[in-house]
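These are the residues of each chain, in order.
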Amino acid sequence: MSNKLKIGISIGDVNGIGLEVIIKTLSNPAILNYCTPIVYGHTKVSSFHRKANNLGDFSFNVINHANQAQLKKANMINCWEEDVKIELGQVTETGGKYALLSLERATADLVAGDIDALVTAPINKHNIQSETFSFPGHTEYLQEKSGSKDVLMFLISENLRVGVVTGHIPVSFVPSSISKEKIVNKIRLINESLKKDFWIEKPKIAVLGLNPHASDNGLLGTEEAEIIAPAIQEAYDRGIVCFGPYPADGFFGNGSYKKFDAVLAMYHDQGLIPFKTLAFHNGVNYTAGLNFVRTSPDHGTGYDIAGKNLADSTSFTEALFSAIHIVKNRREQEELLSNQLRGGGKVVETQFDIKDDAS
Ligand SMILES: NC(=O)c1ccc[n+]([C@@H]2O[C@H](COP(=O)([O-])OP(=O)(O)OC[C@H]3O[C@@H](n4cnc5c(N)ncnc54)[C@H](O)[C@@H]3O)[C@@H](O)[C@H]2O)c1
Ligand SMILES: N[C@H](C(=O)O)[C@H](O)COP(=O)(O)O
């Protein structure tokens, strides 16, 4: 039996660049040495994108169920029968409807254990809303499907990892949404993920402040003294190596982030702006804390370039390799622990690093 992982891929918004980056990634035959991809969508929709973007010859092996996936082939499960009206670059109800059908089917297989991990192509958070999907993003949807009490939006790249305390909420809700307990929990999730998913034995974590200049000793706000510093202290007392709160601007400006294995930001844009500035093209969005593995590229639907063959597929490719790698790390660790062995591990997380792992 093959030990190649089955990686499920949801196609995201059919009017965006999802299928373009999927096809570009899977067109590299070397990918099939590392995993067996299963795309949840429809071959007619993928043909549309292949032709619109002039992507040359590429075809999927159509299957009905993940257990029929063929090695050395890019597999596709057709998730609907009807023709889909694709309007490249447009935000339409249709775009959301078929993104959801793809995501639901892939998630069901993930939860059932029929695939080893899921890589999601970008959705539009607005048009996907429906009676069955009332979440601000994949992160929250998958948290519910996994039954996890808490998860972490964790943006990862070779040189920088950034998690956020608060995610998809209006910025005006941020101050009232952060609490000592929540911050301690997110620090714990980062710490666990660095150890379990990335094999970093003694992670060092930086925590950012909320206010300008981390409040300048209380002049510009009270959250640092009342909430963030006590949370860092509590996590530290529990054995997690964490420091802060650091003023966010200078922390990235002077390169301090390079001294840490990960950074915890208080809110979405505080963490994601520096991350995407430094690592947009190879960054990966990872949901830590789920009992299964899900990654995605760190970009969105890219409506402005849809159908123009301008989308860079590096982030999607990295998302695929990160998923493979995290599953392998978790399994290897589980095996070592079940044998009561304690082994070290190498930290490998990019497509370039795992070349030697091909089997
Ligand atoms: N994982 C996800 O599902 C996810 C992630 C981020 C944003 N989104 C959604 O995507 C939609 C559009 O968001 P946005 O415009 O803020 O961000 P975006 O990432 O789609 O686009 C921002 C800019 O980056 C460019 N860009 C994006 N991906 C690129 C690629 N692979 N190669 C080259 N250029 C690329 C786009 O052309 C655009 O100019 C929103 O509805 C948002 O919610 C979804
Ligand atoms: N916050 C993510 C980003 O900006 O890249 C993105 O919106 C994706 O979120 P989900 O993975 O929750 O869909």
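You'll find the protein chain entered in an unreviewed UniProt entry as 4-hydroxythreonine-4-phosphate dehydrogenase PdxA, with Pedobacter jejuensis given as the organism.

Undergrad: Explain the overall build of the protein chain to me, please; I cannot follow it from the model alone.
TA: Along the protein chain, the regular secondary structure elements total 10 helices and 12 strands. Expected size for 359 residues packed as a compact globule is a radius of gyration near 21 Å; at 20 Å, the protein chain falls within 12% of this value. Seen through its C-alpha atoms, the protein chain measures out along the principal axes to roughly 60 × 50 × 35 Å. By residue count, 55% of the 359 residues in the protein chain fall in the buried class. Partitioning the contacts of the protein chain with sequence separation of at least 6, the portion at a separation of at least 24 is 75%. Carbon and sulfur atoms make up 49% of the accessible area of the protein chain, which amounts to about 15900 Å² in all. The positive charge centre, built from 35 side chains, and the negative charge centre, built from 41, are 4 Å apart in the protein chain.

Undergrad: I'm lost on the sheet that holds strand S5 (residues 117-120) in this one. Help?
TA: The strands making up a sheet associate through hydrogen bonds between their backbones, and the pairing can be parallel or antiparallel. Pairing in this open sheet of 12 strands is mixed, and the strands run S3-S4-S2-S1-S5-S12-S11-S6-S7-S10-S8-S9 from one edge to the other. Each edge of the open sheet is held by one strand with a lone partner, namely strand S3 (61-63) and strand S9 (242-246). Going from strand to strand, the sheet's axes swing by 25° on average, the running direction of each strand aside. Bridging between strand S1 (residues 5-10) and S5 involves 4 bridges; their strand directions are parallel. Pairing of Gly8 across the sheet is with Leu118, part of S5. Here helix H3 (residues 93-112) sits on the sheet and contacts S1, strand S2 (35-41), strand S4 (75-78) and S5; the angle it forms with S5, its principal contact strand, is near 165°.

Undergrad: It is not clear to me how the pairing of S9 should be interpreted in this structure. Could you clarify?
TA: Successive side chains on a regular strand alternate, one facing one side of the sheet and the next facing the other. Where strand S8 (residues 205-208) meets S9, 3 bridges bridge the pair, whose relative direction is parallel. In the strand pairing of S9, Leu208 is matched with Tyr246. As a crossover connection, the stretch from S8 through helix H7 (residues 223-237) into S9 is right-handed.

Undergrad: What am I meant to see in the nonpolar core here?
TA: Note on soluble globular proteins: their nonpolar side chains tend to be buried together. Ranked by size, the top nonpolar core spans 92 residues in total, and within it Ile22, Leu26, Phe154, Ile183 and Ile187 carry the most contacts. Counting residues per element, this core draws most heavily on helix H10 (residues 314-338), at 8 residues. Summarising the domain contributions, this core has at least three residues from each of domain 1 (1-147 + 291-340) and domain 2 (159-281). Setting aside its immediate chain neighbours within four residues, Leu26 contacts Ile9, Ile31, Pro37, Val39, Phe58, Phe60, Ala74 and Leu320.

Undergrad: Where do I start with the site of ligand 1 in this structure?
TA: The environment of ligand 1 is formed by 17 residues, the closest being Ile123, Gly300, Gly302, Asp304 and Asp312. In the model, an oxygen atom of ligand 1 is placed 2.6 Å from a nitrogen or oxygen of the Gly300 main chain. Within the backbone of Thr301, an N or O atom sits 3.1 Å from an oxygen atom of ligand 1. Protein coverage of the free-state accessible area of ligand 1, which is 810 Å², stands at 68%.

Undergrad: Would you take a moment to explain the site of ligand 2 for this structure?
TA: Taken together, Lys125, Gly137, His138, Thr139, Met153, His168, His268, Leu272, Lys276, Asn285, Arg294 and Asp298 make up the full set of residues adjacent to ligand 2. Take Lys276: an N or O atom from its side chain is 2.9 Å from an oxygen atom of ligand 2. One of the side-chain nitrogen or oxygen atoms of Arg294 is found 2.8 Å away from an oxygen atom of ligand 2. For ligand 2, the protein covers 90% of the area, taking 350 Å² as the surface of the free molecule. Put simply, the parts of the chain that give the shell around ligand 2 at least two residues each are helix H4 (138-146) and helix H9 (268-279). The greatest single-element share of the shell around ligand 2, amounting to 3 residues, is contributed by H9. The residue inventory of the shell around ligand 2, partitioned by class, reads 2 nonpolar, 6 polar and 4 charged. Viewed by domain, the shell around ligand 2 spans two of them, domain 1 (1-147 + 291-340) and domain 2 (159-281), each represented by three or more residues.

Conventions and cut-offs
- Residues numbered from 1 in each chain as written.
- Chains lettered and ligands numbered in written order.
- Predicted model: local features only at pLDDT ≥ 70, side-chain atom pairs only at ≥ 80, totals over all residues.
- Heavy atoms only, no water.
- Helix = DSSP H or I, 4+ residues; strand = E, 2+ residues; numbered from the N terminus.
- Rg over C-alpha atoms; globule rule 2.2 N^0.38 Å.
- Buried < 20%, exposed > 50% of the residue type's maximum accessible area, 1.4 Å probe, protein only.
- Contact = heavy atoms within 4.5 Å.
- Areas by Shrake-Rupley, 256 points an atom, 1.4 Å probe, with all protein chains shown as cover.
- Lys, Arg positive; Asp, Glu negative; His and termini not counted.
- Charge placed at Lys NZ, Arg CZ, Asp CG, Glu CD.
- Pairing = 2+ DSSP bridges.
- Axes fitted to C-alpha atoms, helices over the stretch in contact; angles between N-to-C directions.
- Right-handed = clockwise from strand over helix to strand, strands pointing away.
- Core = buried A, V, L, I, M, F, W, Y, C linked by side-chain atoms within 4.5 Å.
- Domains from an automatic or database assignment.
- Near = heavy atom within 4 Å.
- Polar contact = N/O pair within 3.5 Å; in protein donor to acceptor, adjacent residues only side chain to side chain.
- Nonpolar A, V, L, I, M, F, W, Y, C, P; charged D, E, K, R; others polar.

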